[in-house]
Every structure is written in C-alpha cells, then in structure tokens.
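# Summary of the model geometry
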Amino acid sequence: MPQVTVTRRMHFNAAHRVHNPALSDDENRTLFGKCNNPNWHGHNYVLDVSVRGEVSERTGYVMDLAHLKRIVEGAVIDRVDHKNFNLDVDFMQGTIPTSENIVVAFWRLIAPLVAPATLTRLVLWETANNYVEYDGR
Ligand code: NI
C-alpha cells in the first residue's frame, strides 16, 4: 500500500522569556538579547504537523485532517494558546522555552495519539523567518 504524508497547519499565540536561571543576568542578556526581556514578549506561532500512513481504501484518507486537528488541539494547542510558556505551561516547567525545546515537548505529547498513522515531522515557526523542525530523533 502507498504511504502518504499529510500535514495540518495550526496557529497559536504565546509569550515567553528565553532565560537560563543557571546563568547570571549579564550572561543571559549577552546570550539571548531581546529574547531575554524580563517582562516577556510574544509570538504568533505556526505549527505544521505531518503524519504518514497508508491510504485507507474506505475513506481515501491517511487520516481525517479534522481529526488530526482535534488531537493536536487537545494535546498541545489548548494548553499553550494565549499562555506564557515560562509561567503557565506545565510541561515546559524547568525547560528554557526556545522553539527547539518547545517542538521536542510537543512531539512527546502528539506522537502517541496519531496511530495508526505515524508522526513524521513537526515544524514550529516562531516568526516568518525562523523555524525549527523535529522528526523524533
Ligand atoms: Ni521569542
């Protein structure tokens, strides 16, 4: 059976401060610049969620993308949208909320929920110019 990858794009807004509490304030400012602003800043994030699987003979789908949307909303979007990653998001506590760390945390929450399809890629856009991608490795 052919294996096809399908992608659902999701949006959320969230605030954060990129800060490593193990470093001094000076070191944090030097490392992270504006992203270390003590009073937070926000992003309009875009998350592309890709799953691969066999095309169902009954539906012609790998996975109903409306179903994938509901899974991703429940697993991550509803928990981060209009929230502060540093203060409000339980699964990011103790982690510097860079896009790299956010995308790995998202993977752990989404991957178990998409069977019988397989999560193959997450792309997290922090700005129109900067994105990270993760394939679970
Ligand atoms: Ni930022």
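Now for a quick tour of the structure. (Residues numbered from 1 in each chain as written. Predicted model: local features only at pLDDT ≥ 70, side-chain atom pairs only at ≥ 80, totals over all residues. Heavy atoms only, no water.)

Bringing the coordination of the nickel ion into the picture now. In the first shell of the nickel ion, the protein supplies His16 (NE2), His41 (NE2) and His43 (NE2), at 2.0 to 2.1 Å from the metal. When the donors of the nickel ion are listed by position in the chain, the intervening gaps give H-x24-H-x1-H. With a gap of 27 residues between them, His16 in strand β1 (residues 3-16) and His43 in strand β2 (residues 41-54) connect regions that are remote in the sequence. (Donors = N, O, S within 2.8 Å, 3.2 Å for Na, K, Ca; no water. Helix = DSSP H or I, 4+ residues; strand = E, 2+ residues; numbered from the N terminus.)

Core analysis: the biggest nonpolar cluster contains 34 residues, and Phe12, Leu47, Val72, Phe85, Phe106, Ile110 and Leu122 have the highest contact counts within it. At the level of elements, β1, β2, α2 (65-80), α3 (99-110), β4 (118-125) and β5 (131-134) are the ones that each hand at least two residues to this core. The element that contributes the greatest number of residues to this core is α2, accounting for seven residues. Beyond its immediate sequence surroundings of up to four residues, Val72 is in contact with Met10, Leu47, Val49, Ile77 and Ile110. (Core = buried A, V, L, I, M, F, W, Y, C linked by side-chain atoms within 4.5 Å. Buried < 20%, exposed > 50% of the residue type's maximum accessible area, 1.4 Å probe, protein only. Contact = heavy atoms within 4.5 Å.)

Turning to the packing of aromatic side chains, a few remarks are in order. Under the counting rule described, the total for this entry stands at seven aromatic pairs. With a centroid separation of 6.3 Å and 75° between ring planes, the pair formed by Phe12 and Phe85 is classed as edge-to-face. Remark: Phe85 occurs in the loop between β3 (83-84) and α3 and Phe12 occurs in strand β1; sequence separation between them is 73 residues. In this structure, Phe12 and Phe85 share a single accessibility class: buried. Taking the centre distance of 5.8 Å and the plane angle of 80° together, the rings of Tyr45 and Phe85 count as edge-to-face. In this pair, Tyr45 is assigned in strand β2 and Phe85 in the loop between β3 and α3, connecting sequence segments 40 residues apart. A relative accessible area of 1% places Phe85 in the buried class. The rings of Phe12, Tyr45, Phe85, Phe91 and Phe106 are connected pair by pair, giving a single aromatic cluster. (Phe/Tyr/Trp six-rings, centres within 6.5 Å; stacked < 30°, edge-to-face > 60°.)

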